[in-house]
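Per-entry structural report
What follows is each chain in one-letter form.
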Amino acid sequence: MQKVEPTMGEHDQYQVNLPVFNGPLDLLLHLIERAEIDIYNIPIVEVTDQFLAYLQTMEFLDLHMAADFLLMAATLMQIKARMLLPRPVVETEVEADEEDDPRFELVERLLEYKKVKEVANKLQDREQEFSKSFPRVGGAFPDLEVAAAAEPVNRVTLWDLVQAFSALLESLIPRVELDGMPEEQYSIQDKMDEIIDGLAQAPKVKFSTLFAGLSSRKAVVTSFLALLELIRMHKVVVEQDRTFGEIVIARWEGKT
Amino acid sequence: MNWSQAKAVLEALVFASSEPVSVKELGMIVELNEETVGRLLDELVHEYNDRGRGIQITEVAGGYQFVTKPEHAEYLEKLKKVPRQAPLSQAALETLAIIAYRQPITRAEIETIRGVRVDSSISTLLERGLIEEIGRKEGPGRPILYGSTKGFLKYFGLKDLDELPIVDDWILNQQLPIDLTAD
Amino acid sequence: MNWSQAKAVLEALVFASSEPVSVKELGMIVELNEETVGRLLDELVHEYNDRGRGIQITEVAGGYQFVTKPEHAEYLEKLKKVPRQAPLSQAALETLAIIAYRQPITRAEIETIRGVRVDSSISTLLERGLIEEIGRKEGPGRPILYGSTKGFLKYFGLKDLDELPIVDDWILNQQLPIDLTAD
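Described in the following lines is the structure provided in the data block. All of these numbers come straight from a predicted model, not from anything done at the bench. (Residues numbered from 1 in each chain as written. Chains lettered and ligands numbered in written order. Predicted model: local features only at pLDDT ≥ 70, side-chain atom pairs only at ≥ 80, totals over all residues. Heavy atoms only, no water.)

1. Things to note about the nonpolar core
The tendency in soluble globular proteins is for nonpolar side chains to be buried side by side. What counts, and what does not: Joining through side-chain atoms within 4.5 Å is the link that ties buried Ala, Val, Leu, Ile, Met, Phe, Trp, Tyr and Cys residues into a set, and such a set is a nonpolar core. Exposure classes here rest on a 1.4 Å probe applied to the protein chains alone. A residue is buried below 20% of its type maximum, exposed above 50%, and partly exposed in between. Here a strand is any run of E in DSSP of at least two residues, a helix any run of H or I of at least four, and the numbering for each starts at the N terminus. Residue contacts follow a heavy-atom distance rule, with two residues in contact if any of their heavy atoms lie within 4.5 Å.
Counting 56 residues, the largest nonpolar core has A:Phe51, A:Leu110, C:Leu88, C:Phe152 and C:Phe156 as its most contacted members. Of all elements in the fold, only helix 2 (24–34), helix 3 (44–57), helix 4 (63–84) and helix 5 (104–130) of chain A together with helix 5 (90–102), helix 6 (107–114), helix 7 (119–127) and helix 8 (150–156) of chain C reach the threshold of two or more residues within this core. With nine residues, helix 5 of chain A is the largest single contributor of residues to this core. Sequence-distant contacts of C:Phe152, defined by excluding residues within four places in its chain, comprise A:Leu123, C:Leu96, C:Ala100, C:Gly129, C:Leu130, C:Leu158, C:Leu161 and C:Leu164.

2. Describing the sheet that holds strand 5 (residues 144–148) of chain B
Residues and elements named next belong to chain B. The condition is simple: Here a strand pair is declared whenever DSSP counts at least two bridges between the two strands. Lines fitted to the C-alpha atoms define the axes, with helices restricted to the stretch that makes contact. Angles between their N-to-C directions range from 0 to 180 degrees.
Sheet architecture is open: three strands sit in the order 3-5-4, paired in antiparallel fashion. Since the sheet does not close on itself, it has two edges, and those belong to strand 3 (105–106) and strand 4 (131–136), each with one partner. As paired elements, strand 4 and strand 5 share five bridges and run antiparallel to each other. By the bridge assignment, Ile131 is partnered in strand 5 with Ser148. Seen against the sheet, helix 7 (residues 119–127) touches strand 4 and strand 5 and runs at an angle of roughly 110° to strand 4.

3. A closer look at the interface of chain C and chain B
How big an interface is tends to be stated in terms of the accessible area lost upon association of its parts. The following threshold applies: Simply put, the buried area is the total loss of 1.4 Å probe accessible area from both parts when two parts are fitted together. What counts as a salt bridge is simple: a side-chain nitrogen of Lys or Arg found within 4 Å of a carboxyl oxygen of Asp or Glu. Polar contacts, as counted here, are pairs of nitrogen or oxygen atoms within 3.5 Å of one another; within protein the pair requires one atom able to donate a hydrogen and one able to accept it, and residues that are adjacent in sequence qualify only if both atoms are side-chain atoms. For this classification, the nonpolar set comprises Ala, Val, Leu, Ile, Met, Phe, Trp, Tyr, Cys and Pro, the charged set comprises Asp, Glu, Lys and Arg, and every other residue, Gly included, is treated as polar.
With 40 residues of chain C at the interface, the matching set in chain B holds 44 residues. Of the roughly 3,600 Å² buried at the junction of chain C and chain B (both faces included), carbon and sulfur atoms supply 60%. For the interface between chain C and chain B, the tally reads four salt bridges. The interface formed by chain C and chain B contains 11 residue pairs in polar contact (both at pLDDT 80 or more). Counting residues per element, the ones that place at least two in the side of chain C that touches chain B are helix 1 (3–16), helix 2 (23–30), strand 2 (63–68), helix 4 (73–76) and helix 7 of chain C. The leading source of residues in the side of chain C that touches chain B is helix 1 of chain C, at eight residues. Residue classes in the side of chain C that touches chain B are distributed as 21 nonpolar, nine polar and 10 charged.

Okay, structure coming up:
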């Protein structure tokens, strides 16, 4: 890593010393353009060396990005190896067609990516230009004194809101486990005791309260198994007044 | 900046502001004294008073603001009935759901749950009046705490927050479709 | 309703709508045919083009909308009551370019073109309402297909997708030179 006298703010230094590449294709394109090389005839040995040299000076903010660059390095080295191999003699036809050039696919990808960059730049120009025009913000009907939020304008219903939240929770449960967050260390026996204690306080307990505050799938399953065990042992009964209604757990009042 | 340019700039400023904007603030932005700004605004107000116009500039508490003319109210009512605003994006909806159920909550906490940055959904929701800042969290940086607004309740037709459906129930019933009444 | 009144009503409607409003919708509200509405709007657009004005009417995302004139941007940036978003990063712009020109497209296909993972630019773009999920691709895993939104057109001030800038032979919906489904 080069060091630079701290004459500027830290951010400025970064901008000066580390050109930011938006991926391996971006870096490759930069190397090719800098050396004014014909993109259809890339000197793969030189370019590979330069690519690897750059890779060593780069700092990666995330591992995925590093992996993407390493993958390209591997591809380059593979192409290099194939280029160095003697060409099979069979290939006598004049149109030693480009498809056989190990660089072919890379060139196609670079050309495609180059256009993406051009389009992105044009979009950026438009973004800059159009961001100079400001729309009116705030309530849609200032004179009618209707609050923006009260307008009957949106097709979102309460149900959509609930669904969004539920989907989120569902997606959260495995993520929380993956992240290695501390999870409740419950045994089925602990949970059974807890349910019985709860029923000593109140005659009935809502099914949902059993699971309130549990953040891992494992804890939910443990609680559920505990409940099943209690039902099997005839310590509790579950009631539901209608299909899909709230399920309520009560003490077993029958014969023991 | 000449007279006509200054007037054009003031017109743009009054138009784009989300709230009435004061002569003082306008003067600071265009670097003109309040008296001059006042005279420029008077001219603008006068121009828009013309009967052939659909909008006008009015002076309300705290400043100047563009509004539509009252005589066109019947058409504006019709516009209101056309669903105008784009529906909330899925991203905004998720952010709103988290705020509604977990309030008060900071932006960082919402980002932890959603796993992405939420700046833009927060500003959408603030702009639509569905959420608001309800305080600051104690601790480093004293981050803003967000909560849902009265507008949120109105929007979803709720009397109060207790009327929000209980989600845990719904999820668990979905996840564990075991018939408990059997056995 | 005479010509001048109709124009005034249209001015009020375009102003009041928080989203670009189409000729069709305007026609339905004022009960005039689309051609007449178009001519009235042309006149309005023309009037606001006058150099002495601070605002103008632009055609964007299939409708008409009032915005401030770009030459006054420096003053508007000083106005605190105008929310502003950070410009998109180069990475996000590249991903957005691919989606806009090649929609419908899957994340894996975008990643092949850009040569990097695009999860984070996709979530930024979703969050900012510039792209959306528009379906699922047939085949293994049924991956999500992305496309651009109306918000995309609004953000870049485009009337429709045909107004996208053209680079060389890189045109809308052109077939890809390489087989992206491999790998």
